[in-house]
Amino acid sequence: MNSDFSALMVDAPKHAAIAARLTTDRLPKGEVLVAVRWSSLNFKDGLAVTGTAPVVRSFPMVPGIDLAGVVVESSDPAFTPGDEVIATGCGLGESHWGGYAAFARLPAAWLVRPPAGLTLQRAMAYGTAGLTAMLCVMALERHGLPPASAVAVTGAAGGVGSVAIAVLSRLGHRVSAISGRAAETGYLLGLGAIEVLPREVANERPDKSMLTERWAGAVDTVGGAMLAGLLRSIAQCGGIAACGMAAGGDMPATVYPFILRGIGLLGVSSSSAPMPLKREAWRRLAELVPAATIDGMTRTIGLDEVPVAAREILAGKVRGRIAVRIG
């Protein structure tokens, strides 16, 4: 098979992605050829597509850090033509050609079958952001998050934040949504948050190393001063699942919350998560979040609209999730 198909491609460092025509014989090595039906737009995709940050590690590169599609060819007995599959992380769109193309050739070990009831379209409505949100919740649970806890979510109107609020509220937790976008208050309350707080809440009383215990846990998508500020308000033996650094990689914090309250800082990487953990996260997403909820937070675009949407997501103008129709 050597089909001609559409793709986006980044051809050099700091270059924005451009439309390209490719053939399947140019695809990288892998046991499974997938006809890509859907991908999604995540913050990392925005960086790669615009050339804003060095996300792409080899050139030329088809960006897109996740995809969902149908197996066309497979030399691995675990998959046969017609199987529906999902792929996230593992270097997709960074060191291995990713989801912004009509076909992808991938190692079989990177593929997950969607759980029963999860369509390919909804899988990418969640996408990497939704998977990351679920992994953050699971990390907090492993750390001992009590039932019906008060939990904070930063970057609340973004993709990870939106799904995290929906999941946590569905599990019975009392979610404080922290966002710099006051106009999204109605949206965030609709997802299940009990209150919406301005981002400045994390930096109250900057002269204090510790503040009153307020939340048993948190999902932080922002990093930087936001993460450092949150640590001061986490309750005894609580934890923060940290998965993003939109505000930077530095964390101007003290050790006091860690050694006086036994706080846990739980790093979450959906890209390198073990496959059994990914399968469990996909299963729980499909069970926990009603279809109407994920559909309501998702906007659908075509592949040709990705460059514009990539600039929007970097500017903080994207609410919830963006699914990208490929095939």
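Residues numbered from 1 in each chain as written. Predicted model: local features only at pLDDT ≥ 70, side-chain atom pairs only at ≥ 80, totals over all residues. Heavy atoms only, no water.

1. Remarks on the pattern of salt bridges
All chains considered together, the criterion is met by 12 salt bridges. Shared partners join several salt bridges into a network, and the residues in it are K44, R57 and E94. (Salt bridge = Lys/Arg side-chain N within 4 Å of Asp/Glu carboxyl O.)

2. Overview of a nonpolar patch on the surface
On the surface, V255, Y256, I259 and L260 cluster together into a nonpolar patch covering about 420 Å² of accessible area. In this fold, L260 is placed in helix α6 (residues 256–261). On the basis of relative accessibility, which here comes to 52%, the residue L260 falls in the exposed class. (Patch = residues over 30% accessible without salt bridge, like charges linked within 9 Å, V, L, I, M, F, W, Y side chains within 5 Å. Areas by Shrake-Rupley, 256 points an atom, 1.4 Å probe, with all protein chains shown as cover. Helix = DSSP H or I, 4+ residues; strand = E, 2+ residues; numbered from the N terminus. Buried < 20%, exposed > 50% of the residue type's maximum accessible area, 1.4 Å probe, protein only.)

3. Brief notes about the sheet that holds strand β13 (residues 264–267)
Each strand in a sheet pairs with another by means of backbone hydrogen bonds, the pair being arranged parallel or else antiparallel. Sheet architecture is open: six strands sit in the order β10-β9-β8-β11-β12-β13, paired in parallel fashion. Taken across any chain shown, the strands that pair with only one partner, and hence form the sheet edges, are β10 (195–198) and β13. Going from strand to strand, the sheet's axes swing by 20° on average, the running direction of each strand aside. Bridge count between strand β12 (residues 234–242) and β13: four bridges; the pairing is parallel. When the sheet's bridge partners are listed, A242 is paired in β13 with G267. Those strands touched by helix α2 (residues 120–143) are β11 (215–220), β12 and β13, and its axis lies near 150° from that of β12. On the sheet, helix α3 (residues 159–170) packs against β8 (150–154), β9 (174–179) and β11 and is oriented at approximately 165° with respect to β8. (Pairing = 2+ DSSP bridges. Axes fitted to C-alpha atoms, helices over the stretch in contact; angles between N-to-C directions. Contact = heavy atoms within 4.5 Å.)

4. Description of unusual backbone geometry
The peptide bond linking F59 to P60 adopts the cis configuration, its omega dihedral lying at -5°. Structurally, the position occupied by P60 is in the loop between α1 (43–50) and β4 (66–74). Positive phi outside glycine occurs at R205, with the angle close to 50°. The backbone of C237 shows a phi angle near 65°, a positive value even though the residue is not glycine. Of note, C237 is situated in strand β12.

5. Examining the side chain of R232
Tracing the backbone shows R232 in the loop between α5 (224–231) and β12. The charged side chain of R232 is buried without a salt bridge, its nearest counter-charge being D207 at 6.1 Å. Within the structure, R232 has its side chain in polar contact with the backbone oxygen of R205 (distance 2.7 Å). (Lys, Arg positive; Asp, Glu negative; His and termini not counted. Polar contact = N/O pair within 3.5 Å; in protein donor to acceptor, adjacent residues only side chain to side chain.)

6. Looking at the environment of P81
Of note, P81 is situated in the loop between β4 and β5 (84–88). For P81, a relative accessible area of 56% puts it in the exposed group. Residues P81 and A202, spaced 121 residues apart in sequence, show a C-alpha to C-alpha distance of 50 Å. If sequence neighbours within four positions are ignored, P81 has contacts with V71 and V72.

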